Amino acid sequence: MSRPQGPRLGFQKVPDPTPGKNRVRLDFSTANVDAAVSRLQAAGASRIGQHSIE
C-alpha cells in the first residue's frame, strides 16, 4: 500500500543474519534530497550512500 504523503516503511526478510552487522536500516524519501541531507548531517547523521527506486 502506498500513501501520497507521510512516512513509509519497508521490510525485507534476511534468510541468515550475519552476526555483528546492523539488523535494521532505515531508508528515507524526500522531494528535496539536498536540504534533507544537510539537515540530518547538521543533527549528527553520517551519509553512507544514496539510492533510488525508479
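Everything quoted here is computed from the prediction, not taken from an experiment. (Residues numbered from 1 in each chain as written. Predicted model: local features only at pLDDT ≥ 70, side-chain atom pairs only at ≥ 80, totals over all residues. Heavy atoms only, no water.)

## Here's the deal with the overall build of the protein
Counted only if it meets this: Under the scheme used here, helices are H or I runs from DSSP no shorter than 4 residues and strands are E runs no shorter than 2 residues, and both carry numbers assigned from the N terminus. For every residue, the accessible area (1.4 Å probe, protein chains only) is compared with the maximum for its type, and the residue is labelled buried under 20%, exposed over 50%, or partly exposed between those bounds.
Helices and strands together make up the secondary structure of the protein, namely one helix and zero strands. Put simply, the protein has 54 residues, and 4% of those count as buried.

## Side note on the environment of Arg 47
What counts is decided by this rule: The criterion used for residue contact is that any of the two residues' heavy atoms lie within 4.5 Å.
Within the element layout of this structure, Arg 47 appears in the segment after helix H1 (33-42). For the pair Arg 47 and Val 37, spaced ten residues apart in sequence, the C-alpha separation works out to 7.6 Å. With residues up to four places along the chain from it excluded, the contact list for Arg 47 reads Val 33, Val 37 and Gln 41.

## Regarding the environment of Ser 29
Counting through the fold element by element, Ser 29 comes out in the segment before H1. C-alpha of Ser 29 to C-alpha of His 51: the two residues are 22 residues apart in sequence and 9.7 Å apart in space.

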